[in-house]
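# Descriptive analysis of the structure
Okay, here's what each chain looks like letter by letter:
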Amino acid sequence: MDRGCRMRVFVTGATGFIGGSVADRLLRAGHQVAGLVRTAEKAQALGRLGVTPVLGTLDDRDLLGEQAQAADAVVNAADSDHRGAAEALVEALAGSGKTLLHTSGSSIVGSDSRGAASGDVFEEDILDKGSAWRPADDKQARVEIDRYVRAAADRGVRSVVLCNTLIYGHGRGLGRDSVQIPALVRQARASGVVRRIGAGRNIWSNVHIDDMADLYLLALESAPAGSFYFVENGEASFADVTDAIAEALGLGPVEEWDAAAAVREWGHELALFALGSNSRVRAERAREQLGWRPRHTSVTDWIRTELPKA
């Protein structure tokens with residue numbers, strides 16, 4: 001695709017952390033952006049950022065189809081687990097040759113580790129045809145959506161799955177905060193104590209929000225149909241992450257929580273598959289195929305320098 005070509009891109013999740021940051025990056029690259037939004041209030045706010053608001057939800061199948069067909073490309077960044085939205089977009093784009101960038105998350109390789117370490121590191125071939133890898137039962141549905149989107153390449157869609165790791169940094173759109181670090185910070189500020197699940201030896205790969213948005217732009221421009229990319233540039237244990245939070249907030253030593261207490265605070269999914277699990281992956285294909293060169297390298301440095309300013 002010609003990098004000088006100005007496109008109209010339809011973005012779901014345009015008011016969120018990921019979608020909003022991608023929309024901002026697309027606008028700065030000179031593209032026109034239309035964004036799905038659920039309320040008139042947020043539509044006005046989105047419009048002020050230069051995004052054309054489209055009122056609706058992921059359940060509005062006809063609307064999604066109409067917007068996808070009217071656009072030159074689509075970024076699905078609202079909900080990695082919404083099968084109906086993925087199907088609506090693929091059906092609308094079938095045979096068009098247009099680009100569909102679909103957002104997934106690396107909890108697909110997550111283990112119920114409850115703060116224990118794991119040496120398992122996953123490459124991008126886990127979703128290739130013939131792979132023997134299987135996700136945990138809780139993540140099977142998401143992986144099936146990822147495979148469905150990749151297979152749309154056989155139906156005339158330039159479909160790409162971007163599988164994000166732990167994202168840090170402040171969003172560039174209406175959605176300012178990600179999921180994992182803000183959840184830890186909110187609990188710490190409310191209680192005065194930073195807590196982690198178990199010893200916090202569990203490790204997650206991570207990426208800065210600006211580097212992530214750069215990769216979406218590169219994928220839009222040149223990713224092959226049917227591609228799957230992990231989005232990562234480094235990793236850290238939750239022990240290191242929570243120690244950095246305690247230092248940034250000026251709080252005392254980090255305390256360990258058992259899984260039951262963590263689930264009561266954060267819920268089953270967030271506690272066990274986002275804060276207590278391991279998710280270690282490598283993003284080799286994005287570097288080799290697309291020339292992605294992420295600039296930010298340390299989540300703990302970001303926490304120590306940027307979190308106190310928040």
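Preceding block: the structure.
Every chain is numbered on its own, with residues counted from 1 as its sequence reads. At least 70 in pLDDT is required for a residue's local features to be given in this predicted model, at least 80 for side-chain atom pairs to be given and counted, and no such filter applies to totals for whole chains, interfaces and linings, which use all residues. The side-chain values count all of the structure's non-hydrogen atoms but skip hydrogen atoms and water molecules.

### Here we look at the overall build of the protein
Under the convention used in this document: The helix count covers DSSP runs of H or I at least four residues long, the strand count covers runs of E at least two residues long, and both are numbered beginning at the N terminus. Only the C-alpha atoms count toward the radius of gyration. The rule for a globule is 2.2 Å times the residue count to the power 0.38. Here the term buried applies to any residue with accessible area under 20% of the maximum for its type, exposed to any over 50%, and partly exposed to those in between, with areas from a 1.4 Å probe on protein chains only. Whether two residues are in contact is decided by their heavy atoms: any pair within 4.5 Å suffices.
The helix and strand inventory of the protein stands at twelve helices and twelve strands. Taken against the 2.2 N^0.38 rule, which gives 19 Å for 310 residues, the C-alpha radius of gyration of the protein at 19 Å falls within 12% of a compact globule. Viewed in the frame of its principal axes, the protein has a C-alpha envelope of about 55 × 45 × 35 Å. Counting across all 310 residues of the protein, residues that qualify as buried make up 58%. At a minimum sequence separation of 6, the contacts of the protein that also span at least 24 residues come to 80%.

### Points about a negative patch on the surface
This is how it is decided: Within this analysis, patches are made of residues with over 30% relative accessible area and no salt bridge. Like charges are joined at 9 Å or less; nonpolar side chains (Val, Leu, Ile, Met, Phe, Trp, Tyr) at 5 Å or less. Residue burial considers only the protein chains on display, and all accessible areas are found by Shrake-Rupley using a 1.4 Å probe. By convention in these notes, a salt bridge is any Lys or Arg side-chain nitrogen within 4 Å of a carboxyl oxygen on Asp or Glu. Working convention for charge: Lys and Arg count positive, Asp and Glu count negative, and His plus the chain ends are omitted. To locate a charge, take atom NZ for lysine, CZ for arginine, CG for aspartate or CD for glutamate.
On the surface, Asp59, Asp60, Asp62 and Glu66 cluster together to form a negatively charged patch. Within the secondary structure, aspartate 62 is located in helix H3 (residues 61-70).

### Examining the nonpolar core
As a reminder, the rule being used: Buried Ala, Val, Leu, Ile, Met, Phe, Trp, Tyr and Cys residues form a nonpolar core when they are joined through side-chain atoms within 4.5 Å.
In terms of nonpolar packing, the biggest core is built from 73 residues, with Phe10, Leu26, Val75, Leu162 and Met212 touching the most fellow members. Per-element accounting of this core gives the leading share, nine residues, to helix H7 (residues 209-222). In terms of nonpolar packing, the next biggest core, distinct from the first, is built from 30 residues, Ile181, Ala246, Ala274 and Leu307 among them.

### A look at the sheet that holds strand E11 (residues 235-237)
Rule in force here: Strands were regarded as paired on the criterion that DSSP finds at least two bridges between them. Axes here mean lines fitted to C-alpha atoms, for a helix over just the part in contact, with angles spanning 0 to 180 degrees between N-to-C directions.
The strand order E7-E9-E11 describes an open sheet built from three strands, whose pairing is mixed. Either end of the sheet is taken by a strand with one partner, and the two such strands are strand E7 (166-168) and E11. Taking the axes of each pair of neighbouring strands and ignoring which way they run, one obtains an average angle of 45° across the sheet. Sheet topology places strand E9 (residues 203-208) next to E11; three bridges connect them, and they run antiparallel. Residue pairing in the sheet places tryptophan 204 in a bridge with alanine 236 of E11. Strand contacts of helix H12 (residues 299-306): E7, E9 and E11, with the helix running at about 35° to E7, the strand carrying the most contacts.

### Topic: the packing of H3 against helix H4 (residues 83-93)
Helix-helix packing is characterised by the crossing angle of the two axes and by the distance between the axes. So the rule is basically this: Roughly parallel means an angle under 35 degrees; roughly antiparallel means over 145; roughly perpendicular covers 65 to 115; every other angle is labelled oblique. Helix crossings are classified by the rotation of the near helix relative to the far one: an anticlockwise turn of less than a right angle makes the crossing left-handed, while a clockwise turn makes it right-handed. In the scheme used here, Gly and all other residues not listed as nonpolar or charged are polar, with Ala, Val, Leu, Ile, Met, Phe, Trp, Tyr, Cys and Pro taken as nonpolar and Asp, Glu, Lys and Arg as charged.
Running from N to C, H3 and H4 cross one another at 40°; their axes reach a closest spacing of 8 Å. By the angle between their directions, the pair H3 and H4 is classed as oblique. For the pair H3 and H4, the crossing hand works out as right-handed. Contact with H3, carried on its side by Arg61, Leu64, Gly65, Ala68 and Gln69, involves Gly84, Ala85, Glu87, Ala88, Leu89, Glu91, Ala92 and Leu93 of H4 and no other residues of that element. Partitioning the contact of H3 with H4 into residue classes produces seven nonpolar, three polar and three charged.

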